[in-house]
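Close look at the chain arrangement
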Amino acid sequence: MMRRSGKRWIVSAVGVALVIATAAIARNPVFQGADPHAMMIDGEMWIFPTGGPGGSWAADRFGAFSSRDLKTWTSHGEILRRDQIRWIGDDGAKAHFLWAPGVATRGGKWYLYYSVGPQNPTPSRIGVAVADAPQGPYRDSGRPLVTGGRSANGEFEAIDPMAFVDPRSGKAYLYAGGSAGAKLRVWELGRDMVSLAREVTVDQPANFTEGAFLHERNGVYYLSYSHGHWDRPDYSVHYVTARSPVGPWRYRGAILTSDARHQGPGHHSFVRTARGEWLIVYHRWDQRPGPGQLKGERQVAIDRVRYGADGTILPIAMTDGEEAPTLPLNNHSSPHPAL
Ligand code: FUB
């Protein structure tokens, strides 16, 4: 049984490795967590985050959460645990952490890409696990997919994986990298989605720090990413556009930045609803502006995305409570009329 803010998560099914709990929880913020990878699956929004509701999901496992209306959420329990990744201790580090998952589907299979720390003194790594359904159970592929560290090309942190299957070419790409190295690397994935076919050399997008996400709309590829320090008010989301999933990029600016009530928004994903509208799922710190490091815990939030007639993304308004979008999206009006 899990609890959050006095509201009870009701366990409705218990299996060998599966716990399903439902709860009507707050809207914006939705729940405590970070780095949310969101997808629409059969009319439901699924979120795969770092952490989870009430701080009950530690850095040793991933969970999945889904909702048909964005008001009531179902927890699908643990989908992958650290002790199920057999290669994780091969680097000799004393402790390991899991974070920043990215999920993709192809050919009826589901692929969970994830970051493995520490990043020092041993390099960070990216792993991938495979399942027959979004809720798992996920089985690790048996080896790291990418290992960070120093090379002739400089320092690279193998974190924040995001896989994109191009609907136009059918090719799948892996985007990764960030933090101190602040470097984006892109690979074409093998047909099996658990191997790298080749690295694609890409230009570094302006203001890139980490948390890359790729979506395609009307033939335009949008690469969006976090900029700044993950726990400072300058953390924000910027984007570039291109006519291909690997550039060349055209820098378009920032779309999600701190405001008077929310700080440090970042590490996000875009989803397209069944009605063809777009939402952004991201984390933020719910506090007023102030100097220095942000305090408290990161919270997952969902907001509307609007595109201009020229295809650019309009600045995104962060909402709270009843202002937050629900599914199906009930109207096109903004709670912030200036937008
Ligand atoms: O959650 C850990 C790190 O914080 C992620 O790797 C970054 O994208 C940032 O969100």
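Preceding this section is the structure that the text describes.
Residues numbered from 1 in each chain as written. Predicted model: local features only at pLDDT ≥ 70, side-chain atom pairs only at ≥ 80, totals over all residues. Heavy atoms only, no water.

What to know about the overall build of the protein chain
Scanning the protein chain for helices and strands turns up zero helices and 27 strands. Rg of the C-alpha trace for the protein chain: 19 Å, near the compact-globule value of 20 Å for 339 residues, within the 12% margin. On the principal axes, the C-alpha backbone points of the protein chain span a range of 50 × 50 × 45 Å. Counting the 339 residues in the protein chain, one finds 56% classified as buried. Residue pairs at least 24 apart in sequence account for 49% of intrachain contacts in the protein chain once pairs closer than 6 positions are excluded. Summing over all exposed atoms, the protein chain offers an accessible surface of approximately 14,400 Å²; the carbon and sulfur share of this is 50%. Treating the 38 positive side-chain charges of the protein chain as one cloud and the 32 negative ones as another, the clouds have centres 2 Å apart. (Helix = DSSP H or I, 4+ residues; strand = E, 2+ residues; numbered from the N terminus. Rg over C-alpha atoms; globule rule 2.2 N^0.38 Å. Buried < 20%, exposed > 50% of the residue type's maximum accessible area, 1.4 Å probe, protein only. Contact = heavy atoms within 4.5 Å. Areas by Shrake-Rupley, 256 points an atom, 1.4 Å probe, with all protein chains shown as cover. Lys, Arg positive; Asp, Glu negative; His and termini not counted. Charge placed at Lys NZ, Arg CZ, Asp CG, Glu CD.)

Notes on the packing of aromatic side chains
Scanning all chains against the criterion turns up twelve aromatic pairs. Plain terms: the ring middles of Y222 and Y307 are 5.6 Å apart, the flat faces sit at 65° to each other, and that makes the pair edge-to-face. With a gap of 85 residues between them, Y222 in strand β22 (residues 220-227) and Y307 in the segment after β27 (299-305) connect regions that are remote in the sequence. Here Y222 matches Y307 in class, with each residue buried. Each ring, one from W230 and one from W285, has its centre 6.0 Å from the other, and the planes form 45°; the classification is tilted. In this pair, W230 sits in the loop between β22 and β23 (236-242) while W285 sits in strand β26 (residues 278-285), placing the two residues 55 residues apart along the sequence. Taking the relative accessible area as the measure of exposure, W230 reaches 41% and is therefore partly exposed. (Phe/Tyr/Trp six-rings, centres within 6.5 Å; stacked < 30°, edge-to-face > 60°.)

A look at the sheet that holds strand β5 (residues 31-32)
The strands that make up a sheet pair up through hydrogen bonds in the backbone, lying either parallel or antiparallel. Strand order across the open sheet formed by four strands is β5-β27-β26-β25, with antiparallel pairing between neighbours. Two strands bound the open sheet, and with one partner strand each, they are β5 and β25 (263-272). In terms of strand pairing, β5 meets β27 through two bridges, oriented antiparallel. Directly across from F31, in β27, lies its bridge partner V300. (Pairing = 2+ DSSP bridges.)

Some remarks on the side chain of D140
Residue position: D140 is located in strand β13 (residues 139-140). Buried within the structure, D140 lacks any salt-bridge partner; its nearest side chain of opposite charge belongs to R86, at an N-O separation of 7.0 Å. Reaching out from D140, the side chain makes a polar contact with the side chain of W87 at a distance of 2.7 Å. A polar atom in the side chain of D140 sits 2.8 Å from the backbone nitrogen of G142. In this view, D140 contacts Q84, I85, W87, Y114, V128 and A129; residues no more than four positions away in its chain are not counted. (Salt bridge = Lys/Arg side-chain N within 4 Å of Asp/Glu carboxyl O. Polar contact = N/O pair within 3.5 Å; in protein donor to acceptor, adjacent residues only side chain to side chain.)

Concerning the site of the ligand
In the vicinity of the ligand, the contacting residues are D35, W99, I159, D160, E210, Y235, H267, H283 and R298. Within the contact set of the ligand, an oxygen atom lies 3.5 Å away from a side-chain nitrogen or oxygen of Y235. Notes on the ligand: free accessible area 280 Å², of which the protein chains cover 90%. Of the residues assigned to the shell around the ligand, the class counts are three nonpolar, two polar and four charged. (Near = heavy atom within 4 Å. Nonpolar A, V, L, I, M, F, W, Y, C, P; charged D, E, K, R; others polar.)

Describing the pattern of salt bridges
What the rule picks out here adds up to 16 salt bridges. The salt bridge partner of E322 is R27, with a shortest N-O separation of 3.6 Å. Of this pair, E322 sits in the segment after β27 while R27 sits in the loop between β4 (19-24) and β5, placing them 295 residues apart in sequence. A relative accessible area of 16% means that R27 is categorised as buried. One salt bridge connects E155 with R150, and the closest N-O pair in it is separated by 3.2 Å.

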